[in-house]
Amino acid sequence: MADIFADFRRLVVAALDDLTASGALPPGLDTARVAVEPPRDPAHGDLSTNAAMVLARAVNENPMALAERIAAALSGRELASGDYRGAGFTAEVARPGFINIRLDAAVWQAQLRAILGAGLAYGDSGIGRGRRVNIEFVSANPTGPMHVGHGRGAVVGDALAALLVKAGFAVQREYYINDAGAQVDALARSVHLRYREALGESIGEIPEGLYPGEYLVETGQALARRDGGKWCGRPESEWLRPVGEFAVAAMMDLIRDDLSRLGIGFDAFVSERELVRDGAVDRCVGALEAAGLVYTGVLEPPKGKLPDDWEPRPQTLFRATQFGDEVDRPLKKSDGSWTYFAGDIAYHYDKFRRGFTDLIDVWGADHAGYVKRMQAAVKAMTGGGAALDVKLCQLVNLFDNGVPVRMSKRAGNFVTLREVVDEVGANVFRFIMLTRRNDQALDFDFAKVTEQSKDNPVFYVQYAHARASSVMRHAAEAALLGDAALAEAALERLTDSHELAIIRLLAGWPRLVESAAEAHEPHRVAFYLQEVAAAFHLLWTKGKDEANLRFIIGADRGLTRARLALVRGVAIVIAAGLAVFGVEPVEEM
RNA sequence: GGCCCCGUAGCUCAGAUGGAUAGAGCACCUGCCUUCUAAGCAGGUGGUCGCAGGUUCGAGUCCUGCCGGGGUCGCCA
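About the cut-offs
Residues numbered from 1 in each chain as written. Chains lettered and ligands numbered in written order. Predicted model: local features only at pLDDT ≥ 70, side-chain atom pairs only at ≥ 80, totals over all residues. Heavy atoms only, no water. Near = heavy atom within 4 Å. Polar contact = N/O pair within 3.5 Å; in protein donor to acceptor, adjacent residues only side chain to side chain. Helix = DSSP H or I, 4+ residues; strand = E, 2+ residues; numbered from the N terminus. Nonpolar A, V, L, I, M, F, W, Y, C, P; charged D, E, K, R; others polar. Pairing = 2+ DSSP bridges. Core = buried A, V, L, I, M, F, W, Y, C linked by side-chain atoms within 4.5 Å. Buried < 20%, exposed > 50% of the residue type's maximum accessible area, 1.4 Å probe, protein only. Contact = heavy atoms within 4.5 Å. Domains from an automatic or database assignment. Salt bridge = Lys/Arg side-chain N within 4 Å of Asp/Glu carboxyl O.

As for the protein's contact with RNA strand B
Then step 1. For RNA strand B, the set of nearby residues contains 75 residues, the closest of which are R313, K333, S334, Q452 and S470.
Then step 2. In the model, a phosphate oxygen of RNA strand B is placed 2.9 Å from a nitrogen or oxygen of the R57 side chain.
Then step 3. Residue H474 places a side-chain N or O atom 3.1 Å away from a sugar or linking oxygen belonging to RNA strand B.
Then step 4. Elements that contribute at least two residues to the surface near RNA strand B include exactly α2 (51-59), β6 (98-103), α6 (182-198), α16 (457-474), α19 (509-519) and α20 (523-545).
Then step 5. Of the residues forming the surface near RNA strand B, the biggest block, 10 residues, is contributed by α20.
Then step 6. The residue inventory of the surface near RNA strand B, partitioned by class, reads 27 nonpolar, 22 polar and 26 charged.

Right under this line is the structure:
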């Protein structure tokens, strides 16, 4: 697939190889750091390479002089990008050693042809080489409906997964169900209360430590429908487990439903309880023990303010400090059961056993302190064979027209994800969640995200797509103009600087996909789409002032077709970007 | 106190793994609707990139130390 930056970089490397072959450069130069990028200032040209500056030291030559030699070696070479073949570029050296390239319009026109030819697949990349990536996200505790913070993690994880797929990775989306801890017992007791309530008992206040939320009323009723009075007046030991399992299943249904409203699905749900039951945790800790990484010891008290009930006691510990963590971490609770951490080690090892060496976890920022120990555990269990990247999602602050929406989880009146999505729509929610870096707190204002103004990035981008669609509707011959036909248009007639500027921007999409995928940063797509939208709105308004810049020129069918090709190019790239976000482009607004 | 994240225009934020004169939107001025959606566009005002050192051809970006904000800190998940 055409990527002008990658294509030109090949040309630079070929020129360097030639210089080496002819003895003009020493053998064995490392060209890994040679980059071809758009210069920040367009006045410097279309492309720019740092080759001379990066190699100057190894060659022991002044960067400017080296740049001159490389530039000379470049000139006259044939560039191949899309269906373009030729020497349509000029190279020029600038201090302190940049080589700036200007491309003929024909090169850009070929990029547009490539976009039309590829359609939504434009930007698909092979850099992933089919490597298997496992991305675990959401993993919300199965104790209630999802809240907005979970929604952010869900969208970030899903978009990152889609981005990695686009970049050529084989991605598995996973959800880890934390169904083994004490919280499940609390859930079971809560549901049992609601169950008795459903059978006509008066239950009064929900005791401290149980889940008070109204959503469990229905779960209690469902249990009553299924099992009748079976669990009434029986000791807790008899019903705790079965009711817990019923409740977890019900909560997972709730969560899956919340997720489906966002258009998010998973390839696998992995249960902590089943890992424990299968003995995976025992095997895992056993392996650590065999490696001498488990011992019984007493931890130093934490620095600063001590918890009230702190007292030294011996624990089963994992030597996390050997792998970069600050302290060794406990694997067992005092009742002999595994800690959450022990289960999580087994789970991550299980991912590795299933063939994943690239692991990504998306967590809430409150788990920041957990990152190092998990990475340490992955390192220990896989002998460095797998890498774990953790994306921490900061808080979402809800506002309504500038007024903070107060939430209290304890009082059970927190705003659920479902309420928000029902109010603003999945498309808006998803896009807005990706307009900030994941580690930056995000303000979400109900009024602003649905506002129709430039202030609102979703609207701004969608409006550009709608305008492009509108042009196509207005084109008398639009019905005859599929993308394949438009690719055959006389694109050499696209010569206006604004038109070429848009193609330049569109041609940067493959490069953006690759860099965002490698950095695991889907939000970059949102900012890129805003740039594309801005360039298109600009040209649109130009056409208001100067009739000869309008897309549809009644008297000139050839020019009209060329411009429609450009408009389609814009629509394709916006749609391809939105597809990564799981957002549907709108045709009309 | 330890660790993690953040600190960029009055406000909200980008900044492509170290590139050239640091960019958008909002706000504030000034223009642009008989014409493909003015729900938009153009121009202007606005910066010691928290502070101080260091690394090198070159630092908002990497390293060290401070300052400020947030999060977190042994059997919660």
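So, the sheet that holds strand β15 (residues 396-400)
Then step 1. If you walk across this open sheet you meet the 3 strands as β16-β15-β17, and the pairing is mixed. Two strands close off the open sheet at either side, each with one partner strand: β16 (403-404) and β17 (442-445).
Then step 2. Here β15 pairs with β16 via 2 bridges, running antiparallel. Looking across to β16, one finds that F399 is bridged to P404.

Considerations on the nonpolar core
Then step 1. Ranked by size, the top nonpolar core spans 149 residues in total, and within it F8, L74, L103, F429, F444 and W509 carry the most contacts.
Then step 2. At 14 residues, helix α21 (residues 557-581) tops the list of elements feeding residues into this core.
Then step 3. Those residues in contact with L74 that sit more than four places away from it in its chain are F8, L11, V12, A15, F89, I99 and I101.
Then step 4. The next biggest cluster of nonpolar side chains, apart from the first, holds 33 residues, and it includes C284, L293, W338 and L359.

Some remarks on the domain arrangement of chain A
It is common to give the size of an interface as the accessible area that goes away when the parts come together.
Then step 1. Per the domain assignment, the segments of chain A are domain 1 (4-101), domain 2 (182-261) and domain 3 (457-581).
Then step 2. Relative to domain 2, the C-alpha centre of domain 1 lies at a distance of 67 Å.

A look at the sheet that holds strand β11 (residues 314-318)
Then step 1. In spatial order, the strands read β10-β11-β12; together these 3 strands make up an open sheet with antiparallel pairing. Across the chains shown, the open sheet's two edge strands, defined by having one partner strand only, are β10 (294-298) and β12 (329-330).

Details of the pattern of salt bridges
Then step 1. Under the definition given, this model contains 33 salt bridges.
Then step 2. R196 is the salt-bridge partner of E201, the closest N and O atoms lying 3.0 Å from each other.
Then step 3. The exposure class of E201 is partly exposed, given its relative accessible area of 36%.
Then step 4. You can call R196 partly exposed: its relative accessible area is 26%.
Then step 5. As a salt-bridge pair, R437 and D439 come within 3.0 Å of each other at their nearest N and O atoms.
Then step 6. Connected through salt bridges with shared partners, the residues D257, D258, R261, R418 and D422 form a single ionic network.

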